[in-house]
Amino acid sequence: MLDRSRTRSGEPDSAALHHTLERARRAERLGYHRFWVAEHHAVPGIASGSPPVLMAAVAGATERVRVGSGGIMLPNHQPLVVAEQLAMLSALYPGRIDAGIGRTPGFTEPVRRALRSGGADDARFGADLDELRGYLDGTAAVTVRPRIDRSVPLYLLATGAGLAVAGDRGLPVVVGGPVLDDRAALQDYRNRAGPDAHLVVSADVLIGDPDLALSEAWALAAARTTGEFPPLEPPDPHRRMTERQRRDLDRALSRTIAGDEDTVAERLDALVERTGADELLVTSSTWDVDALAESDARLAAVLSGITGHVPA
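Note that the structure is a prediction, hence the values are computed from the model and not measured.

A.B. asks: Help me understand helix α8 (residues 214–226) in this model?
C.D. replies: Each turn of an α-helix holds 3.6 residues, which means side chains three or four residues apart point in the same direction. In a regular helix each residue adds 1.5 Å, so 13 residues correspond to 18 Å; α8 covers 18 Å between its end C-alpha atoms and thus fits that length. Every buried residue of α8 is accounted for by Leu 214, Ser 215, Glu 216, Ala 217, Trp 218, Ala 219, Ala 221, Ala 222 and Ala 223. Where the residues of α8 are buried, they touch α9 (243–254). One or two positions beyond α8, positive phi appears at Gly 227, with a value near 80 degrees.

A.B. asks: I'm lost on the packing of α8 against α9 in this one. Help?
C.D. replies: Pairs of packed helices are described in terms of their axes, by the angle between the two and the distance that separates them. Between α8 and α9, whose axes approach to 8 Å, the crossing angle comes to 135 degrees. Of the possible angle classes, the one that applies to α8 and α9 is oblique. Between α8 and α9 lies a crossing whose hand is right-handed. From α8, Leu 214, Ala 217, Trp 218, Leu 220, Ala 221, Arg 224 and Thr 225 reach across to α9, where they touch Arg 244, Gln 245, Asp 248, Leu 249, Ala 252 and Leu 253. When its residues are assigned to classes, the contact of α8 with α9 shows 8 nonpolar, 2 polar and 3 charged.

A.B. asks: How do you make sense of the packing of helix α10 (residues 261–275) against helix α11 (residues 289–304) when you look at a structure like this?
C.D. replies: Where α10 meets α11, the axes come as close as 10 Å, and the angle between the chain directions of the two elements is 45 degrees. Judged by the angle between their axes, α10 and α11 are oblique. α10 and α11 meet at a crossing whose hand is right-handed. On α11, the residues that touch Glu 261, Val 264, Ala 265 and Leu 268 of α10 are Arg 298, Leu 299, Val 302 and Leu 303. Partitioning the contact of α10 with α11 into residue classes produces 6 nonpolar, no polar and 2 charged.

Cut-offs and rules
Residues numbered from 1 in each chain as written. Predicted model: local features only at pLDDT ≥ 70, side-chain atom pairs only at ≥ 80, totals over all residues. Heavy atoms only, no water. Helix = DSSP H or I, 4+ residues; strand = E, 2+ residues; numbered from the N terminus. Expected span 1.5 Å × (residues − 1). Buried < 20%, exposed > 50% of the residue type's maximum accessible area, 1.4 Å probe, protein only. Contact = heavy atoms within 4.5 Å. Axes fitted to C-alpha atoms, helices over the stretch in contact; angles between N-to-C directions. Parallel < 35°, antiparallel > 145°, perpendicular 65-115°, else oblique. Left-handed = near helix turned anticlockwise from the far one by under 90°. Nonpolar A, V, L, I, M, F, W, Y, C, P; charged D, E, K, R; others polar.

As structure tokens, then:
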């Protein structure tokens with residue numbers, strides 16, 4: 001499960017972080033295997049800007065679930081600093097830490113300047129990724145402290161180009177969106193990674209009233225026209241929208257797997273069959289936190305029934 005610490009209209013940003021901690025405790029009780037958090041900077045709709053800090057809070061609030069990032073955006077950080085953060089987490093919570101690594105810089109130019117980020121660069125990202133791996137596996141000239149005595153699994157959040165980067169390094173990869181329909185790209189990843197190939201497929205999933213998906217879909221539509229990703233608002237099926245916003249909202253809804261258990265199970269089965277997923281990463285957001293809790297519980301039951309897959 002990936003939780004992005006979505007803010008809600010009328011609530012302080014801090015409430016989103018407390019909702020994340022409660023959701024992590026619930027996910028552990030329900031049997032989810034991993035609980036990941038996100039990195040977004042200066043985004044009104046998301047309170048999580050520092051995955052390692054939130055990972056520490058989540059790991060401290062739980063006992064067994066694996067805790068990870070979805071992901072740490074490497075262009076925004078020095079690889080040594082990321083390695084030190086992961087080493088500390090691994091020392092404090094041995095055997096429970098995952099590291100999802102991404103290459104997306106800040107969304108706007110002012111944010112990129114504030115982060116001292118040069119933006120996305122394939123060559124630099126590959127070099128930084130290799131440097132990070134060197135620190136984590138102990139082959140770099142500099143030894144991170146605390147010394148890592150067990151591996152921290154790395155997962156690469158990838159689009160088409162990132163699949164090749166992950167495949168050439170034999171790394172597990174997390175993919176979502178349109179690339180899930182690119183069978184050639186997914187097969188190329190498997191060919192490159194060989195026996196180390198591990199495909200994690202991401203999907204937005206909600207079980208319950210389909211209108212639960214409206215809050216997040218509207219936020220995505222609004223962001224495309226205003227340039228600002230807003231806090232969640234109560235769903236409003238009768239909201240007045242421009243033609244473009246309606247198209248964007250419909251597109252977002254079409255990418256969300258929502259409905260009752262049978263509908264969701266059928267679509268997830270088809271997704272696994274189409275992609276050959278080794279693992280599912282589910283993410284969902286809605287205004288109603290109680291409905292979200294119910295969806296998480298019902299989804300756990302559905303996932304346990306998908307052959308060869310467990311909640312993840």
